[in-house]
Structure formats: structure tokens, C-alpha cells
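What follows is each chain in one-letter form.
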Amino acid sequence: MRHADVIVASDDQRIGTMAADYFLRRGYRNYVCAAVNVRGRADRTRVQRAGSSVETLPLRFDGALKEENRELADLLLRCTRPFCVFCDNDFDAATVVDAAVNAGLNVPRDLAVLGVGNESFFSNPGALELSSVDSRLYERAFFAAQCMDMLLDGKLPRRESEGQEAILHHFAPKIIMERASTDFYAIEEPRLRKMVQFLQENAASSHFRVALLAKKFLLTESSIYRTFRAAFGISPKQFLLEERLRMAQRKLGDTSDTLLSIAEECGFPGPGALHYSFKRKFGCPPNEWRESMLARWK
């Protein structure tokens, strides 16, 4: 970029790759990419390297929104289900969800939708909570303001005036805020799909154990362990913990519930166990993480 001293940008390559990896872990084989920039190219490249093909879904908005919504709905109806859609931003993701619902498709069982930005206006619509890659927009804006102050104070070199390339700061995404629009595993094997569904339905109970899963499906715990390892690369116990942490993360970001209440609602024996597991997974305590989410939306 010309005529710039400092460029503060999201790491779009990492965003696209993270989105692809997320859907790959959830078992998807039918991919739709509604991003045509660096994010989209990174997403398609990662999916293709995994052996799957990607259909590009162009989103164009020129004023005729009702007509465009119908065209989008027709495109979605032609996709092989279940499929996933990665969008460049939360506005596009909300548009895809709206078109899908109007077409009679079920989100997320027919299609899972993931946006970028984690904007509260789009990520928490009344009809459906939208999953989103947190692109750290507010951190970038704050850092850009700091850079502007340093430039004005002469504490940063004026590279543009000297004909040099701008200093580039990339902010890599840290998390995907998982909500209802992606709460589905695209598993082909019927018994494994039922096991995952049973586990998800019971994850909030602190009394739920993998032994109950084995008893329900007339299998040994070791065979269930091998099945989950082969399908997801983790043990069923770790899968259960991941589900509980996803539930807790969602409640921390979208509600004002206390840690005690969240621990009870998400299957943890107490706030101490939630604190330990959350910090180990996300790198900071749950209260600190919640404060960072609240600060960005003030």
C-alpha cells in the first residue's frame, strides 16, 4: 500500500485457514466459500489440500436485496447437504443464514455458517446466534490509534516520506466464537453420529461419563476411545471437555451469568474446575476473557 507509514491489518491468511480447519474437524466434506479475498483463497487452499472440493458462492449486493436473497436461496438449495459456508464477514454470514431459513433449510443441520469479525450486532441476532472468527477488530483499532499518536509525536519513523515500505502489523485471530449456526457435526457413519449427538445432549450434566456412552450403545469404553480417536483425533473424554468449554465460552460471551452458574450449567463440578480447564484451553481465566469481550462492545 502506498502513502502509508504503518499498516495494521488482520491476518487474513490465518483466518481462512482457521475456518477450514474448524470445519474439517467437524467432519464436513461439502464446502462453500463466500469469500473471494485472501481469506477465501486460504480457506479453499486448505480444504483442497485435505482432499475436498470447494464451491465458490458469490455474494453481490447492488440494492435489489429481495431478488438477491431469492437467488442466494436457490444456490443454497442446490448444494449437497450437509455443507458448510465460510463468509468473509458477519454481515454476509447473517445474509446467508437469512436466505437459508427463507428457503426452508435448517441451520446448522443442513448448512453450518461461519462469519468473521465477531460483531455483537450480527453475531447475536434474535433468530439464530452466529458463529464467527474473532478477527480482533477492536484490538487492531486501538493499536492503530497508538501508532497514530506515536507518528504525530515523532516516535515512529515516517517511512512514506522516505520512499520506504510501510511497517506492517498483522493481528492473527485467536479464537472462533462458536454459537448455534455451526453447532453440528457432519458425520457420515450413523452410529458415531448418534453417539456424538447423545454426548452433546448430556454434556451439561456433571454426572455424565463416557461409561454411560458405552452402556447406551452396547460398546466397550476402549472401542469408543478408538472410534473417537480415529474420527476426531482426541479421546471421548477430551471431546466431552471440549463441548463443555464451548458451552461455557458461549455463556461467558453472551450472558451475564456468574461463574458458579456457568460451571453448573456446563457440566463442571465447580467454578474452580471451569477456571482451570478454561485457562488451559484459551490461555486466560474465564473472568478475564469475559472482560475482554465486554470491553470491545462498549
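For the structure, see preceding data.
Residues numbered from 1 in each chain as written. Predicted model: local features only at pLDDT ≥ 70, side-chain atom pairs only at ≥ 80, totals over all residues. Heavy atoms only, no water.

Some remarks on the pattern of salt bridges
A pair can form between side chains of opposite charge whenever their charged atoms are brought close.
Thinking step 1. Scanning the entire structure with this criterion turns up ten salt bridges.
Thinking step 2. Notably, a salt bridge pairs lysine 281 with glutamate 242, separated by 3.0 Å at the nearest N-O pair. Within this pair, whereas lysine 281 is found in helix 12 (residues 271–282), its partner glutamate 242 is found in helix 10 (residues 236–254), the two being separated by 39 residues in sequence.
Thinking step 3. For glutamate 242, a relative accessible area of 14% corresponds to the buried category.
Thinking step 4. Of the charged contacts in the structure, one is a salt bridge between glutamate 265 and lysine 251, with a shortest N-O distance of 3.3 Å. You can see glutamate 265 sitting in helix 11 (residues 259–265) and its partner lysine 251 sitting in helix 10, a full 14 residues away along the chain.
Thinking step 5. Judged by its relative accessible area of 29%, glutamate 265 is partly exposed.
Thinking step 6. If you follow the salt bridges from partner to partner, you end up with Arg26, Glu178, Glu243 and Arg246 in one network. (Salt bridge = Lys/Arg side-chain N within 4 Å of Asp/Glu carboxyl O. Helix = DSSP H or I, 4+ residues; strand = E, 2+ residues; numbered from the N terminus. Buried < 20%, exposed > 50% of the residue type's maximum accessible area, 1.4 Å probe, protein only.)

What to know about the sheet that holds strand 5 (residues 111–116)
Thinking step 1. Reading across the sheet, the six strands line up as 3-2-4-5-6-8 and stay open at both edges, with mixed pairing between neighbours. Looking along the sheet, the strands with just one partner apiece sit at the ends: strand 3 (54–56) and strand 8 (176–177).
Thinking step 2. Taken together, the four bridges between strand 4 (residues 83–87) and strand 5 define a ladder with parallel strand orientation. Residue pairing in the sheet places valine 85 in a bridge with valine 113 of strand 5. (Pairing = 2+ DSSP bridges.)

A look at the packing of helix 7 (residues 190–202) against helix 9 (residues 221–232)
Any two packed helices are characterised by the angle at which their axes cross and by the distance between the axes.
Thinking step 1. Packing of helix 7 against helix 9 brings their axes to within 12 Å, and their N-to-C directions diverge by 100°. Relative to helix 9, the element helix 7 lies roughly perpendicular. From helix 7, Leu192, Met195, Val196 and Leu199 reach across to helix 9, where they touch Ile224, Thr227, Phe228, Ala231 and Phe232.
Thinking step 2. Across the contact of helix 7 with helix 9, the residue classes tally to eight nonpolar, one polar and no charged. (Axes fitted to C-alpha atoms, helices over the stretch in contact; angles between N-to-C directions. Parallel < 35°, antiparallel > 145°, perpendicular 65-115°, else oblique. Contact = heavy atoms within 4.5 Å. Nonpolar A, V, L, I, M, F, W, Y, C, P; charged D, E, K, R; others polar.)

Observations concerning the side chain of arginine 179
Thinking step 1. Considering the arrangement of structural elements, one finds arginine 179 in the loop between strand 8 and helix 7.
Thinking step 2. Here arginine 179 falls in the buried class, since its relative accessible area comes to 0%.
Thinking step 3. Separated by 3.1 Å, the side chains of arginine 179 and asparagine 118 make a polar contact.
Thinking step 4. Looking at arginine 179, its side chain comes within polar contact range of the side chain of aspartate 254, at 2.9 Å. (Polar contact = N/O pair within 3.5 Å; in protein donor to acceptor, adjacent residues only side chain to side chain.)

As for the pairing of strand 5
Thinking step 1. For strand 5, the tally of buried residues reaches six of six residues, placing the bulk of the element in the interior.
Thinking step 2. Residues Leu111, Val113 and Gly115 line one face of strand 5 and the alternating positions Ala112, Leu114 and Val116 line the opposite face, and both faces are buried.
Thinking step 3. Handedness of the crossover is the feature at issue here: the chain leaves strand 4, passes through helix 4 (residues 90–102), returns alongside strand 5, and the resulting connection is right-handed.
Thinking step 4. Of the pairings in the sheet, the one linking strand 5 to strand 6 (residues 131–133) comprises three bridges and is parallel in character. The partner of valine 116 across the bridge, within strand 6, is valine 133. (Right-handed = clockwise from strand over helix to strand, strands pointing away.)

As for helix 7
Thinking step 1. In this model, helix 7 (13 residues) spans 18 Å end to end at C-alpha, consistent with the 18 Å of a helix rising 1.5 Å per residue.
Thinking step 2. Where the residues of helix 7 are buried, they touch helix 8 (210–216), helix 9 and helix 10.
Thinking step 3. Backbone nitrogen of arginine 191 and a side-chain oxygen of the N-cap are separated by 3.3 Å at the start of helix 7; the cap is glutamate 189. (Expected span 1.5 Å × (residues − 1).)

Quick word on the pairing of strand 2 (residues 31–34)
Thinking step 1. Covered by surrounding structure in strand 2 are Tyr31 and Cys33 together with Val32 and Ala34, the residues of both alternating faces.
Thinking step 2. Where strand 2 lies against strand 3, three bridges are found, and the strand directions are parallel. In the sheet register, cysteine 33 faces strand 3, and the bridge partner there is threonine 56.
Thinking step 3. In this region the chain leaves strand 2, passes through helix 2 (residues 38–49) and returns to the parallel neighbour strand 3; the handedness of that crossover is right-handed.

Comments concerning the packing of aromatic side chains
Each aromatic ring pair is described using two quantities: the centre-to-centre distance and the angle formed by the ring planes.
Thinking step 1. Summed over the entire model, instances satisfying the criterion amount to eleven aromatic pairs.
Thinking step 2. Between tyrosine 185 and phenylalanine 239 the ring centres are 5.2 Å apart and the planes differ by 45°, which places this aromatic pair in the tilted class. Remark: phenylalanine 239 occurs in helix 10 and tyrosine 185 occurs in the loop between strand 8 and helix 7; sequence separation between them is 54 residues. We note that tyrosine 185, like phenylalanine 239, is buried.
Thinking step 3. Ring centres 5.8 Å apart and planes at 70° place the aromatic pair phenylalanine 278 and tryptophan 289 in the edge-to-face group. On the criterion of sequence distance, the pair formed by phenylalanine 278 in helix 12 and tryptophan 289 in helix 13 (residues 286–296) is long-range, its members being eleven residues apart. For the pair shown, phenylalanine 278 and tryptophan 289 are each scored as buried.
Thinking step 4. Site record: aromatic cluster; members linked through ring pairs are Tyr185, Phe228, Phe232 and Phe239.
Thinking step 5. Cation over ring: arginine 26 sits above tyrosine 185, and NZ or CZ is 4.2 Å from the ring centre. (Phe/Tyr/Trp six-rings, centres within 6.5 Å; stacked < 30°, edge-to-face > 60°. Lys NZ or Arg CZ within 6 Å of the ring centre and 35° of its normal.)

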